[in-house]
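Each chain, written out:
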Amino acid sequence: MQLLVYIIVFPFLWLISILPYRCFYFFSDIIYVLVYRIIGYRKKVVRANLTLVFPDKSDEEIKKIEKAFYKHMCDMFLETIKTLNISEEELKKRYALPNIELLLEVEKKRSILVMFPHYGNWEWSIIVNRYVKSKGFAIYQKIGNIYFDRLIKKIRAIWSTTPISQRETVITMARNHQKDIKGVYGIVSDQSPQAHLAQYWTKFMNIKVPVFNGPEVLARKFDHAVVFAKVSKVKRGYYRTEFIPIALEGSKSKENEITNQFLKLTEEEIIQNPAYYLWTHRRWKHRDKVPEKYI
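Attention in this report is confined to the structure presented alongside it. On a predicted model such as this, the values are computed, not experimentally measured, just so you know.

**Section: the sheet that holds strand 5 (residues 183-188)**
Strands sit in the order 1-9-8-2-5-3-4 across an open sheet of seven strands; the sheet is mixed. What marks the edges here is a single partner per strand, and that holds for strand 1 (95-96) and strand 4 (161-165). Along the sheet, helix 8 (residues 166-178) contacts strand 2 (112-116), strand 3 (135-140), strand 4 and strand 5; its crossing angle with strand 4, the most-contacted strand, is approximately 120°.

**Let's talk about the pairing of strand 9 (residues 238-247)**
Bridge count for strand 1 against strand 9 is two bridges, and the pairing is parallel. Across the sheet, the residue bridging to A96 is R240, located in strand 9. Direction of pairing for strand 8 (residues 225-235) relative to strand 9: antiparallel, over a ladder of nine bridges. Looking across to strand 9, one finds that K235 is bridged to Y238.

**Topic: helix 1 (residues 2-17)**
Across its 16 residues, helix 1 extends 22 Å between first and last C-alpha, which sits within 8% of the 22 Å expected from 1.5 Å per residue. The largest bend in helix 1 is about 30°, located at V9, with the proline P11 one to four residues further on. Among the residues of helix 1, those classed as buried are Y6, L13, I16 and S17. The inward-facing, buried residues of helix 1 contact helix 2 (21-39), helix 4 (59-82) and helix 7 (146-158).

**Quick notes on the pairing of strand 7 (residues 207-210)**
Both faces of the sheet carry side chains from a regular strand, because those side chains alternate between them. Sheet topology places strand 6 (residues 201-204) next to strand 7; four bridges connect them, and they run antiparallel. Paired with T202 across the two strands is V209, which belongs to strand 7. Two successive antiparallel strands, strand 6 and strand 7, enclose a turn made up of two residues, where M205 displays a positive phi of approximately 55°.

**Quick word on helix 3 (residues 43-53)**
Restricting attention to buried positions, one finds in helix 3 the residues V45, V46, N49, L50 and V53. All buried residues of helix 3 fall inside an arc of 125° around its axis, so they share one side. Considering only its buried residues, helix 3 is in contact with helix 4 and strand 7.

**Some details on the side chain of T280**
Inspection of the secondary structure assignment puts T280 in the segment after helix 10 (257-272). According to the relative accessible area criterion, T280 is buried, its value standing at 7%. Excluding residues within four positions of it along the chain, T280 makes contact with Y41, R42, V45, V46, F69 and M73.

**What to know about the pattern of salt bridges**
Taken as a whole and judged by the stated rule, the model has 13 salt bridges. The closest approach of N and O atoms between K108 and E105, which form a salt bridge, is 3.3 Å. Between R220 and E216 there is a salt bridge, with the nearest N and O atoms lying 2.8 Å from each other. Here R220 and its partner E216 are both found in helix 9 (residues 214-222), four residues apart, which amounts to about one turn of the helix.

**So, the nonpolar core**
The biggest cluster of nonpolar side chains holds 89 residues, and the ones touching the most others in it are Y95, F243, W279 and W284. The leading source of residues in this core is helix 4, at nine residues. Every residue in contact with Y95, bar those within four places of it in the chain, is listed here: F116, N121, W122, W124, S125, I127, V231, Y239 and T241.

**As for unusual backbone geometry**
For R42, which is not glycine, the phi torsion reads 50° and is therefore positive. With respect to the helices and strands, the residue R42 is situated in the loop between helix 2 and helix 3. Even without glycine at this site, N256 takes up a positive phi of about 70°. Mapped onto the fold, N256 is located in the loop between strand 9 and helix 10.

**Examining a nonpolar patch on the surface**
Residues M1, L4, V5, I8 and F12 make up a contiguous nonpolar surface patch of about 550 Å² in total accessible area. You can see M1 is positioned in the segment before helix 1.

**Points about a positive patch on the surface**
On the surface, a cluster of positive charge is made up of R42, R282, K285 and K289. Take R282: it is sitting in the segment after helix 10. You can call R282 partly exposed: its relative accessible area is 43%.

The rules behind these values
- In every chain, residue numbers begin from 1 and rise along the written sequence.
- Reporting of local features is limited, given that this is a predicted model, to residues whose pLDDT is at least 70; pairs of side-chain atoms are given and counted only at 80 or more, and all residues count toward the totals for whole chains, interfaces and linings.
- Hydrogens and water are ignored here; the side-chain numbers use all heavy atoms of the structure.
- DSSP bridges decide pairing: two strands pair if at least two such bridges lie between them.
- Only DSSP runs of H or I covering at least 4 residues are called helices, and only runs of E covering at least 2 are called strands; the numbering of each starts at the N terminus.
- Throughout, a contact is declared for two residues whenever any of their heavy atoms are within 4.5 Å.
- The angle between two axes is taken between their N-to-C directions and runs from 0 to 180 degrees, where each axis is a line fitted to C-alpha atoms and a helix contributes only its stretch in contact.
- Helix span is expected to be 1.5 Å times the residue number reduced by one.
- Values of bend correspond, residue by residue, to the angle between axes fitted over the seven residues ending at that residue and the seven starting there.
- Exposure is judged per residue with a 1.4 Å probe applied to protein chains only, and the accessible area is read against the type maximum: over 50% gives exposed, under 20% gives buried, and values in between give partly exposed.
- The arc in question is the one traced by the directions running from the helix axis out to the C-beta atoms.
- Salt bridge criterion: a side-chain nitrogen from Lys or Arg within 4 Å of a carboxyl oxygen from Asp or Glu.
- Put simply, buried Ala, Val, Leu, Ile, Met, Phe, Trp, Tyr and Cys residues joined by side-chain atoms within 4.5 Å make one nonpolar core.
- Residues enter a patch when their relative accessible area is above 30% and they make no salt bridge; the linking distance is 9 Å between like charges and 5 Å between nonpolar side chains (Val, Leu, Ile, Met, Phe, Trp, Tyr).
- All accessible areas in this document rest on Shrake-Rupley with a 1.4 Å probe, and a residue is counted as covered only by the protein chains that are shown.
- Asp and Glu are treated as the negative residues and Lys and Arg as the positive ones, with His and the ends of the chain left uncounted.
- Charged side chains are reduced to one point each, which is NZ for Lys, CZ for Arg, CG for Asp and CD for Glu.

As structure tokens, then:
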């Protein structure tokens, strides 16, 4: 069944990826109408998240953010598909890295952990590998369909990126550290861990939730530098990513320092322009399960 779905869907994805940009974004507008107005994909989740996080905003303001988010989400989904056939020149033009020199300087001394939130467009960050000398790794969650999972790996391999699952991360980093192989590891770090497994709870957008602190643990263990990727949407189809140092010597960072700074920078992005955050994600679902020691 997985193979059948792949065989049926892949030709459509490939056709979408070769559309001229004007047609490409017109198609995204059609998808927006289908997803938001007709299907109402996770509309209740998005509305609940926005109302929870922005209690002072009016219904009209919430709805405005909601509409803008769905338009962006459809763009981002199609832009991920566009990666199938986008050229290096085009991607460099559409995903600007104004201070890439920071990574080039830091990688001379140690490996780098680049932390992304679910904000803007994190998939096109693969263009970083066309600048750095270190080996690029993308830490990701495996896709249920093994054929689409292989497709994602194939696409990222074109851009000199090695995808590694979360389970493979520690082993890969340990092996590279032992062999003195420097790497640039990209990870989306604002997921919601299972409440009973969480080792740290803190406020995110003024609501106490369990926090994924794996990047911080790895940075201290292997003395990686940690950098925040601040993504801004300049206009439709164009992004600008600035790298902000969090801890240039991970082993010297204090407990929770990296995690707290990452969350702070993520909050600043969301507050500045909330439409570009992934509101379909149930980020605050464990807010009523806070252990006594974290209350």
